[in-house]
Amino acid sequence: MGMVPMAKRFVTTKVEIEGREETKVVEMPSREPEPWGDDAQLHIVGQRATRVDAIEKVTGVARYTADTQRPGMLHAAILRAPIARGRVTRLDLSPALAIHGVRAAVSIDDVPDVKIDGVRLLDQEIYYANQPLAAICADSLEIAQRAVRTIELEVESQPPVITFEQARDENGAKAKPTGNKHRASPRVVTRGDIDAGLRAADVTITREYSTPVQLHTALEPHGAVAEWVGDKLTIWESTQGIFMTRREVAKAYGLPLSSVGVIMHYMGGGFGAKNGAPHSTYIAASLAKKTGKPVRCILDREGEQTDASNRMATNQRVTLGATRDGKLTAISVDVTSILGIGGWLASPGKIYHELYECANVRSSEEFYFANTAAMGSFRAPGHVEGAVGLECAMDVLARELGIDPLELRQRNYSKTDQGKEQAFSNKRLDECYKQGAERFGWSARKKKRSSGRIRRGVGMASLTWGAGGGPPAYATVRINRDGTIEVLSGTQDLGTGARTVLAQIAAETLGARLSDVRTALGETQNLPFASNSWGSITTASVGPAVRVAAEEARDSLYEAAAMLMNTSPEDLESHDSEIHAKSNDKCLLFRDVCEKLGDVMIIGQGSRGPNPDKTTIAAFGAQFAEVEVDVETGIVRVLRIVSAHDSGRIINPTLAESQLEGGIIQGVGYALFEEKFIDHRSGLPLNPTIHDYKIPTITDIPKIDAFFVDAPDPVANHTAAKGLAEPPIIGTAPAIANAVVDALGVDISAIPLTPWRVRGFITTVS
Amino acid sequence: MRLIVNGAAHEVTAPAHETLLVTLRERLELTGTKLVCGRGECGACTVLLDGRSVYSCLTLSAACENRQITTIEGIGSGDELHPLQQAFIDHDALQCGFCTPGQILAGIALLEKNPKPTEADVRRGMSGNLCRCGAYPKIVRAVLAAADGNGANG
């Protein structure tokens, strides 16, 4: 394949990350490979290769941030606010500093002037419970924790803003001096004419739904180890974005980017909570600076559960209008979301515009501050919340119309992106509906509701999620003199499998054995830039860059091999790290070629090119659930989930299915029991432990059949892959909620569907 | 005090209230054993004490003198994996890997007690070990597969 090298030039392109579309400047890659389309002959991409870093994980040698040991390292502990609103009137660190083994303390004057979620680091004005106020470091964590308890702290308390009602009360307390309502409220997005759409409807329904604060509960908490050598700072950080962390830390300490290195080799889960530098990073770096020693600052579990991001709570009032034959004429939603003390404006309204064909759609979103920890990204932020309202309301509409819920969704199938008035790069949601329904046995489900104490029900939901990825992302591929191959990219593997799929893409492109390829990632100093691992973008962003780099390396390798084999590069092909000449049947191992070259290094550079213009790139899916409800106790058991997905080409089906199962299981928790509780009067968190904040255990897991329909998307990018990690959580909760409604014959208005809440829905009706 | 960890004896000086988790991680630098909740709610710190699974965060080091302590580092290495470690790799029974050492040790203890568990036995036996990535379906498969291997060997 003789590629014509393209002249490099800078262009702009649109990239969607977690519902937010950004225009990015992109340098055109050195080449644009032929897309791997439907008929591409691929040998390693698409294979169920085992995870390349599995051995390190099953033997316990994988070093996570909290496992980092540095010579002379000290341990930090944080003093946190015991109230949700007020201010510090006295802070005396001297009793702590007098304890043997305590080395230093920091309060607001000792740390850089940075804001985290709108609150100054170690601010003495208190905006939420457990806000960090000061920190200590000592020879051991135990001494540091003991020392923190001796700090003399006096506070003046004010009534906090916690609930929706308190936040909306214009005469009530203020979460912060600027008020409770975010200035961007209401954010209204419309297409068509909603009133005309409602007038055209034969049937309209209106329902309200509320969704809870969900906590990421990554088993590895946030944390960092910081070490200064002269004016150079190294940070080991549990982060989804090493380059973002570097930028934030360098700015805070007034350092050039080249003086800060961020390292993240293994990470115990992120799920959206670990983007950018949190309090612990600055506390570690400031204490390290003060003491001249490396400092480790890892959140304890209470810190992680109460001050380390969360999914925001929402209220959604949904109105749907449709003709008698089930064609949507109007979709309208009013959303109120509580951000906590800060965060960003994730959009529950967006999915209302995206999922179905409808000429008249309106969303109005209000965002409020409160004296609770700031929200952040959590696996498909916005869409997960919005899907609960939209998809539960769609089932209500289906019942009103007497149309099968799946049939109703199929009748409102959108063939183009109506909101942006442009085409989809590819969309196989129709196949997801078909294959999902078949594997679930949707058409064979009972039409009559069961009676008795244990009731069964089924439900479904659709999903979509922008998952096209995009630039900038860079990769280098090097071939060593022994024929081994290194893929270098400053991306992250959060447990997703990025190390593995990038190695597969490189091995495929080079015709190498997968076992000869090693992926190095998670270091800013030595590796080219890749963005945060968020928005399900990594495979579709970094994958194409790796492919370009590997092609460039392969071309150099072939040039050298052609010389040694007395033929031309076009005559060569390779597999299993062997190069064959088609004309004369000669054969050389990569190793043979590279040994002959000695220390001449074969290096390929690659980058991610722009996204196609005026094209929406999205992932899709259809999810089906069967539940059993005990009407006496209100206990819901999810029996099985079938989940069908279009995420483009699947690089590694096993690892991809693991992501689907993980998303579904977090969705089961969101549907049934995950909810952060805060005392409405004091603002104190009531369930800051894993015992009290329930996440699914192995006994809660339904039978899961999660799969991908065959849908390579060569328009999206030349690997034809799209994102897949976030989509499976989106439809899970509404599918389960719809199954519960099907089982009971009563409406629900809130999740999680805890026993007491389910009993409430039953008794309200009877 | 004398601790026997993965077959090797270590002389350790630690306060009487120090947990086995802290001794293993901070003094012996065996960091495969993870701290997640520190109060016996999650299973990430599971180790074997005389062959039985215990939460090392709730176990005092002083109570382990001269007893056999097995951590993830002691059950198999890259060259020679324990069959359950191999089953975890083969079935992709892990994602981020943070809970994996605890899961594997809990699985080994379960198979020691019950070499031929049913799926329900596995779920019950492993229910003290949380995984937030959601590797559970594949953990069940890996433990059952390793149990099948037991049958073939025995």
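Conventions we followed
- Residues numbered from 1 in each chain as written.
- Chains lettered and ligands numbered in written order.
- Predicted model: local features only at pLDDT ≥ 70, side-chain atom pairs only at ≥ 80, totals over all residues.
- Domains from an automatic or database assignment.
- Contact = placed C-beta atoms within 7 Å.
- Helix = DSSP H or I, 4+ residues; strand = E, 2+ residues; numbered from the N terminus.
- Axes fitted to C-alpha atoms, helices over the stretch in contact; angles between N-to-C directions.
- Parallel < 35°, antiparallel > 145°, perpendicular 65-115°, else oblique.
- Left-handed = near helix turned anticlockwise from the far one by under 90°.
- Nonpolar A, V, L, I, M, F, W, Y, C, P; charged D, E, K, R; others polar.
- Buried ≥ 20, exposed ≤ 12 C-beta atoms within 10 Å, placed from the backbone.
- Pairing = 2+ DSSP bridges.

(A) Expanded view of the domain arrangement of chain B. All names here are of chain B. According to the domain assignment, chain B consists of domain 1 (2–74) and domain 2 (83–153). Of note, the centres of domain 1 and domain 2, computed from C-alpha atoms alone, are 21 Å apart. The interface of domain 1 with domain 2 comprises 14 residues on the first partner and 13 residues on the second. Put simply, the parts of the chain that give the side of domain 1 that touches domain 2 at least two residues each are strand 3 (46–49) and strand 4 (52–55). Sort the elements by how many residues they give to the side of domain 1 that touches domain 2 and strand 3 lands first, with three residues.

(B) The packing of helix 16 (residues 653–672) of chain A against helix 18 (residues 732–744) of chain A, seen in detail. Residue and element names in this part refer to chain A. Remark: helix 16 packs on helix 18, axes separated minimally by 8 Å, with the N-to-C direction vectors making an angle of 50 degrees. Relative to helix 18, the element helix 16 is oriented oblique. Both helix 16 and helix 18 take part in a crossing whose hand is right-handed. Here helix 16 contributes Ile 664, Gly 667, Val 668, Tyr 670 and Ala 671 to the contact with helix 18, which in turn contributes Thr 732, Ala 733, Ile 736 and Ala 737. Taken together, the residues that form the contact of helix 16 with helix 18 break down as seven nonpolar, two polar and no charged.

(C) Spotlight on the domain arrangement of chain A. Residues and elements named next belong to chain A. Taken domain by domain, chain A consists of domain 1 (10–62 + 469–607), domain 2 (65–158 + 222–298) and domain 3 (313–468 + 614–765). The straight-line distance from the C-alpha centre of domain 1 to that of domain 3 is 36 Å. The partner domain 3 presents 32 residues to the 33 residues of domain 1 that form the contact. The set of elements that each furnish at least two residues to the side of domain 1 that touches domain 3 consists of helix 13 (498–510) and helix 14 (538–564). The element contributing the most residues to the side of domain 1 that touches domain 3 is helix 14, with five residues. Considering only residue class, the side of domain 1 that touches domain 3 consists of 11 nonpolar, 14 polar and eight charged.

(D) Expanded view of the interface of chain B and chain A. With 46 residues of chain B at the interface, the matching set in chain A holds 42 residues. Per element, the largest residue contribution to the side of chain B that touches chain A is five residues, and it comes from helix 5 (residues 136–153) of chain B. For the side of chain B that touches chain A, the per-class residue count stands at 23 nonpolar, 13 polar and 10 charged.

(E) Spatial organisation of the pairing of strand 26 (residues 572–575) of chain A. Residues and elements named next belong to chain A. Across the two faces of strand 26 the burial differs, with Leu 572 and Ser 574 buried and Glu 573 and His 575 not buried at all. Sheet topology note: the strand 26/strand 27 (residues 578–581) ladder contains four bridges and is antiparallel. Note on strand 27: the bridge partner recorded for Glu 573 is His 580.

(F) Molecular detail of the sheet that holds strand 20 (residues 416–417) of chain A. All names here are of chain A. Taken together, three strands build an open sheet; the order of strands is 20-21-30 and the sheet is mixed. Each having just a single partner strand, strand 20 and strand 30 (615–616) make up the two edges of the open sheet. Both strand 20 and strand 21 (residues 422–424) contribute to a ladder of two bridges, which runs antiparallel. Note that in strand 21 the partner of Asp 417 across the bridge is Gln 422.

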